[in-house]
Amino acid sequence: RAAGSGRWLPWLGFALLPLAVSPAAAPGGCPSACYCVATPELVQCRYERLEEPPRELPATVHNLSIAGSNLSVLHRAAFAARPLPDLRLLRLRHDNIQTIEDMALQGLPALRTLDLSHNPLLSVAAGAFAGVPLLHTLQLNQALLAAPLEEQLALALRNLSLRRLELAGNALWALPATLLPAGLEELDLRNNSLQRLTAAELRSLEAPGLQGLRLTLGANPLSCDCALRPFLTWLRTATARVPDAHSLRCAGPLPLRGAALLRLRPEGLACTAAEGGEPGQLETASYVFFGIVLALIGIVFLMVLYLNRRGIKRWLHNLREACRDQMEGYHYRYEQDADPHRTSAIGTP
């Protein structure tokens, strides 16, 4: 039976050959550095060290992925060498892209998803995303680490109708409120440096057009102290807006490290004197507990005294008698030493 199966292996290889056509044989003509997978609708160019986007792309391509290249600069109309009216997803990961010029995506009218993750972006022109009116998803994970680009991105995104924005792994310390266009539905802020969302940032989430925005906040070093109270209060009433709310954990202070955020109460988060707040319930509870322990120790001590009252009384009586005998001995010696007759008798030969 195994030998019979072996006869079919060569035919199986021929049957699977069209699923991974080499660039030269692909219908519609794939670029020499890329592969058309299954059909020319999916083109992948991986780790070919391209310095510019390939020009000979199939006109019917829907998904284009270029990874591990050295594109460096996306020039104006970088993908317009040949019309790509059906391109919907463009992935440009790990391509060392540093600059995106005006109208860089011109000629991609159907583009809906753009992935620029893992690129050291340094400059984004105000019109970088012009010409892609249907762009709904923008992925910038680990792409904002090389330079502060919030102001440039705010200008570049102002005319887009984004539905999803991914900013994971960018070491953000605060909510990038200027990057949140009206109508945004999903914001990915995982794996940043957020310790909390302030009251002002929470108010920005209630602005018109953002009231349905959903946030993902996992893997942030949340500090469960006094300053977290506004965010925790909001989170307990808006859990549906944070899909990973139940997985959020405290990174500090030490007594609360690893504690689930939703298991805490806002009034239970301690405020230090430096924060200008009153002691939290946890701090108050610790003082109360310490007082109870001291009271129990006092009660036990009094009970020991009560149960041994006779022995203690006997010990005090003996101590008093010993002190009296000692004092009488001192008094007798003093009288003997002060007697002049005894002193003269001792001095006469």
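About the cut-offs
- Residues numbered from 1 in each chain as written.
- Predicted model: local features only at pLDDT ≥ 70, side-chain atom pairs only at ≥ 80, totals over all residues.
- Heavy atoms only, no water.
- Helix = DSSP H or I, 4+ residues; strand = E, 2+ residues; numbered from the N terminus.
- Buried < 20%, exposed > 50% of the residue type's maximum accessible area, 1.4 Å probe, protein only.
- Contact = heavy atoms within 4.5 Å.
- Areas by Shrake-Rupley, 256 points an atom, 1.4 Å probe, with all protein chains shown as cover.
- Arc of directions from axis to C-beta.
- pLDDT = per-residue confidence, 0-100.
- Patch = residues over 30% accessible without salt bridge, like charges linked within 9 Å, V, L, I, M, F, W, Y side chains within 5 Å.
- Salt bridge = Lys/Arg side-chain N within 4 Å of Asp/Glu carboxyl O.
- Phe/Tyr/Trp six-rings, centres within 6.5 Å; stacked < 30°, edge-to-face > 60°.
- Pairing = 2+ DSSP bridges.
- 1 Å grid on protein atoms, 1.4 Å probe; cavity = no way out; pocket = protein on both sides within 12 Å on 5 of 7 lines; lining within 4 Å.
- Points joined across faces, edges and corners; volume = space filled by probe spheres on them.
- Nonpolar A, V, L, I, M, F, W, Y, C, P; charged D, E, K, R; others polar.

Draft legend 1. Molecular detail of the overall build of the protein chain. Counting secondary structure elements, the protein chain contains seven helices and 15 strands. Across the 349 residues of the protein chain, 36% fall into the buried class. Partitioning the contacts of the protein chain with sequence separation of at least 6, the portion at a separation of at least 24 is 59%. Total accessible area on the protein chain stands at roughly 20500 Å², and carbon and sulfur atoms take up 60% of it.

Draft legend 2. Quick look at helix α2 (residues 150-157). Residues Leu153, Ala156 and Leu157 constitute the buried set of α2. For α2, the angular spread of the buried residues around the axis is 90°, confining them to a single face. Residues of α2 that are buried sit in contact with β9 (123-124) and β10 (137-139).

Draft legend 3. Structural detail: the side chain of Arg241. Relative to the helices and strands, Arg241 resides in the loop between α4 (229-237) and β15 (250-252). Residue Arg241 is classed as buried on the basis of its relative accessible area of 12%. Residues within four places of Arg241 in sequence aside, it is in contact with Leu205, Glu206, Leu210, Gln211, Gly212, Leu213, Arg214, Leu215 and Trp234.

Draft legend 4. Representation of the confidence of the model for the protein chain within the structure. Within the protein chain, residue pLDDT values average 84, and 83% of them lie at 70 or more. The low-confidence segment residues 8-27, where pLDDT is below 50, has 15 contacts with residues more than four positions distant or belonging to other chains.

Draft legend 5. Structural detail: the side chain of Ser65. Topologically, Ser65 is positioned in strand β4 (residues 63-67). When sequence neighbours within four positions are dropped, the list of residues in contact with Ser65 reads Val43, Gln44, Cys45, Arg46 and Arg91.

Draft legend 6. Summary view of a nonpolar patch on the surface. On the surface, Val288, Ile292, Leu296, Ile299 and Met303 cluster together into a nonpolar patch covering about 470 Å² of accessible area. Following the sequence through the fold, Ile292 ends up in helix α5 (residues 281-307).

Draft legend 7. Spotlight on the packing of aromatic side chains. Scanning the model with the defined rule gives one aromatic pair in all. Centroid distance Phe231 to Trp234: 6.1 Å. Interplanar angle 25°. Geometry classified as stacked. Separated by three residues within a single helix, Phe231 and Trp234 lie in helix α4, roughly one turn from each other. Phe231 sits in the buried class, given a relative accessible area of 1%.

Draft legend 8. Inspection of the pairing of strand β3 (residues 42-46) at higher detail. The two faces of β3 differ: Val43 and Cys45 on one face are buried, but Leu42, Gln44 and Arg46 on the other face are not. Pairing analysis gives two bridges linking strand β2 (residues 35-37) to β3, with the strands arranged antiparallel. Bridging from a neighbouring strand, Cys36 pairs with Val43 of β3. Here β3 pairs with β4 via five bridges, running parallel. Residue Val43 lies in a different strand from β4, and its bridge partner there is Leu64.

Draft legend 9. A look at the layout of surface pockets. What the largest pocket holds in volume is close to 170 Å³. What lines the largest pocket is a set of 14 residues, among which Pro53, Arg55, Ala77, Ala78 and Phe79 lie closest to the centre. Split into classes, the residues belonging to the lining of the largest pocket amount to nine nonpolar, one polar and four charged.

Draft legend 10. Geometry of the environment of Leu262. Along the chain, Leu262 falls in the loop between β15 and α5. Put simply, Leu262 and Arg249 are 13 residues apart on the chain and 8.7 Å apart in space, counted from C-alpha to C-alpha. For Leu262, the residues in contact, after removing those within four places along its chain, are Leu235, Arg236, Thr239, Ala245 and His246.

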